[in-house]
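Architecture at a glance
If you want the building blocks of each chain, they are given just below.
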Amino acid sequence: MSKINKLMAGLTLGLGLLGAGEAARAQASQATQWVADDLTTFVRSGPSNEYRIVGALESGAQVTVLETSGDYSRVRAADGDEVWIQSDQLQDERSLKERVPELRSRVESLSSQLESANGEWEGRVTTMTETLEARQQRIADLESRNAELDRQLSQAQASLRKSKARLDTQEEDLLMRYFMYGGGVAGAGLIVGLLVPHLPRRRSKRDRWF
């Protein structure tokens, strides 16, 4: 092989390796980003303001960043077109245009869960309130019954005191009668004892004169 052929072969190999390296770097630099939340974002055919405007991307559009040069990035749009856009017009998170429906859905889901939890809690509160009212009514009934029993007990105690007082009076009257009866008997016996010696004795038949 001549020196020229060897030189051409080496040049070809070097270009091939260089192309492979560029492709690898381009593949490694690709990342998914989104167009900023502006009304419109103009794109150009090259990485500077000197290139002509070739169109616009809607706000929130998803693009794939292929490479970056200066203040511009070459991106691939959803339709496959590759254009240049200012790098500061890209952002790493989805746009509000895409996030708002999801957020709205989450809000509706959370609202539904909150409403369900609120309904369950209101049901529990209602049950607890009814149970509390029933217990309060039961307590009121028991207190009323207890008050009635206290009243009846007071009446029974008062009646017992009256009965005891009458019984004590009857006992005193009975004792007094016993004392009076005993005193009368004792007095009668005393009188009889005093009178008997003074009563005339009957003469026996032996003392008579024949």
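Residues numbered from 1 in each chain as written. Predicted model: local features only at pLDDT ≥ 70, side-chain atom pairs only at ≥ 80, totals over all residues. Heavy atoms only, no water.

**Describing the overall build of the protein chain**
Within the protein chain, the regular secondary structure consists of two helices and seven strands. Listed N to C, the secondary structure of the protein chain is α-β-β-β-β-β-β-β-α in terms of helices and strands. Going through the 210 residues of the protein chain one by one, you find that 12% of them count as buried. Restricting to contacts in the protein chain with at least 6 residues of sequence separation, those with at least 24 account for 49%. Roughly 17700 Å² of accessible area belongs to the protein chain as shown, and the carbon and sulfur atoms make up 57% of that amount. (Helix = DSSP H or I, 4+ residues; strand = E, 2+ residues; numbered from the N terminus. Buried < 20%, exposed > 50% of the residue type's maximum accessible area, 1.4 Å probe, protein only. Contact = heavy atoms within 4.5 Å. Areas by Shrake-Rupley, 256 points an atom, 1.4 Å probe, with all protein chains shown as cover.)

**Quick look at the pattern of salt bridges**
Inspection of every chain in the model, using the stated rule, returns four salt bridges. With a closest N to O distance of 3.4 Å, Arg 76 and Glu 82 form a salt bridge. A relative accessible area of 30% places Arg 76 in the partly exposed class. We classify Glu 82 as partly exposed; its relative accessible area is 42%. Put simply, Glu 148 and Arg 151 hold a salt bridge, and the shortest N to O gap is 2.3 Å. Separated by three residues within a single helix, Glu 148 and Arg 151 lie in helix H2 (residues 96-195), roughly one turn from each other. Glu 148 gets classed as partly exposed once you look at its relative accessible area, which sits at 33%. Among the residues examined, Arg 151 registers a relative accessible area of 41% and is labelled partly exposed. Connected through salt bridges with shared partners, the residues Glu 67, Arg 74, Arg 76 and Glu 82 form a single ionic network. (Salt bridge = Lys/Arg side-chain N within 4 Å of Asp/Glu carboxyl O.)

**Quick look at the nonpolar core**
Ranked by size, the top nonpolar core spans nine residues in total: Val 43, Leu 57, Val 63, Val 65, Val 75, Ala 77, Val 83, Ile 85 and Leu 90. The contacts of Ala 77, once residues within four sequence positions are left out, are Leu 57 and Val 63. (Core = buried A, V, L, I, M, F, W, Y, C linked by side-chain atoms within 4.5 Å.)

**Focus on a negative patch on the surface**
Residues Asp 168, Glu 171, Glu 172 and Asp 173 make up a contiguous surface patch of negative charge. Topologically, Asp 173 is positioned in helix H2. (Patch = residues over 30% accessible without salt bridge, like charges linked within 9 Å, V, L, I, M, F, W, Y side chains within 5 Å. Lys, Arg positive; Asp, Glu negative; His and termini not counted. Charge placed at Lys NZ, Arg CZ, Asp CG, Glu CD.)

**Quick word on the side chain of Arg 74**
Secondary-structure assignment places Arg 74 in strand E5 (residues 72-76). In contact with Arg 74, not counting residues within four places along its chain, are Thr 64, Val 65, Leu 66, Glu 67, Glu 82, Val 83 and Trp 84.

**Remarks on the side chain of Arg 44**
With respect to the secondary-structure elements, Arg 44 resides in strand E2 (residues 40-44). In this structure, Arg 44 is buried with no salt-bridge partner, the nearest side chain bearing the opposite charge being Glu 50 at 9.7 Å. Of note is the side chain of Arg 44, whose polar atom sits 3.3 Å from the backbone oxygen of Asn 49. With residues near it in sequence (within four places) discarded, Arg 44 still touches Asn 49, Tyr 51, Arg 52, Ile 53, Val 54, Tyr 72, Val 83 and Trp 84. (Polar contact = N/O pair within 3.5 Å; in protein donor to acceptor, adjacent residues only side chain to side chain.)

**Let's talk about the confidence of the model for the protein chain**
When pLDDT is averaged along the protein chain, the result is 76, and 73% of the positions lie at 70 or above. Summarising per-element confidence for the protein chain, the mean pLDDT is lowest in helix H1 (residues 3-29) (47) and highest in E5 (93). Counted against residues more than four places away or in other chains, residues 17-28, with its pLDDT under 50, gives one contact. (pLDDT = per-residue confidence, 0-100.)

**Quick word on a nonpolar patch on the surface**
A cluster of nonpolar residues, Leu 174, Leu 175, Met 176, Tyr 178, Phe 179 and Met 180, forms a patch on the protein surface that exposes about 700 Å² of accessible area. Mapped onto the elements of the fold, Tyr 178 is located in helix H2. For Tyr 178, a relative accessible area of 52% translates into the label exposed.

**As for the pairing of E5**
Within E5, four of the five residues are buried, leaving the element largely enclosed by the surrounding structure. Across five bridges, strand E4 (residues 62-69) lies against E5 in antiparallel orientation. From the neighbouring strand, Thr 64 faces E5, where its bridge partner is Arg 76. Linking E4 to E5, which pair antiparallel, is a turn of two residues; within it Gly 70 sits at a positive phi near 65 degrees. When E5 meets strand E6 (residues 82-86), the two strands line up antiparallel, connected through five bridges. (Pairing = 2+ DSSP bridges.)

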